[in-house]
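Topology and contacts: notes
Read off the chains here:
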Amino acid sequence: MPDMPDTPGDRRQADHDEGRRPPGLQQVSPDGDRRVEGLVVDALNPTRLGVNTASVHVSVRRGIVTLTGLAASAEARDVIDDAASTVPGVRAVQNRLGLGAA
């Protein structure tokens with residue numbers, strides 16, 4: 001059985017040497033972002049949400065979703081934001097939707 005590291009620094013080095021990430025740190029790959037983007041687009045299905053999402057554009061970087069475009073109302077903007085926020089893999093949503101004819 002290998003010796004256990006004695007100090008926090010030793011433990012971090014041992015974790016690094018074994019290829020593990022400290023708890024709470026997640027690496028998000030471009031493939032993961034593309035998967036999350038597809039899931040968000042699916043979640044923004046206008047039939048399911050009951051709001052027009054034709055003018056909504058989705059981009060994802062490192063699990064952070066950015067919504068741009070137009071929503072027909074403040075209520076529609078909130079519904080879209082809520083739907084995007086519930087998708088697995090979404091770390092945060094930056095809602096940059098404007099209001100206007102969607």
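Definitions and limits used
Residues numbered from 1 in each chain as written. Predicted model: local features only at pLDDT ≥ 70, side-chain atom pairs only at ≥ 80, totals over all residues. Heavy atoms only, no water. pLDDT = per-residue confidence, 0-100. Contact = heavy atoms within 4.5 Å. Salt bridge = Lys/Arg side-chain N within 4 Å of Asp/Glu carboxyl O. Helix = DSSP H or I, 4+ residues; strand = E, 2+ residues; numbered from the N terminus. Pairing = 2+ DSSP bridges. Axes fitted to C-alpha atoms, helices over the stretch in contact; angles between N-to-C directions.

Regarding the confidence of the model for the protein chain
- For the protein chain, mean pLDDT is 82; residues scoring 70 or higher make up 72% of the total.
- The model gives residues 10-26 a pLDDT under 50, and that stretch makes eight contacts with residues more than four places away or in other chains.

Here we look at the pattern of salt bridges
- All told, the structure shown has one salt bridge when counted by the stated rule.
- With its nearest N and O atoms 2.3 Å apart, the salt bridge here joins D31 to R34. On the criterion of helical spacing, the pair formed by D31 and R34 is a turn pair, its members being three residues apart in helix α2 (residues 30-43).

So, the sheet that holds strand β1 (residues 56-61)
- The three strands lie next to each other as β1-β2-β3, forming an open sheet whose pairing is mixed. Either end of the sheet is taken by a strand with one partner, and the two such strands are β1 and β3 (92-99). Averaged over all adjacent pairs, the angle separating strand axes in this sheet is 10°, with direction ignored.
- Both strand β2 (residues 64-71) and β3 contribute to a ladder of eight bridges, which runs parallel. When the sheet's bridge partners are listed, I64 is paired in β3 with A92.
- Strands β1 and β2 of the sheet are contacted by α2, whose axis makes an angle of about 155° with β1.
- Where helix α4 (residues 74-85) meets the sheet, its contacts fall on β1, β2 and β3, and the angle it forms with β3 comes to roughly 160°.

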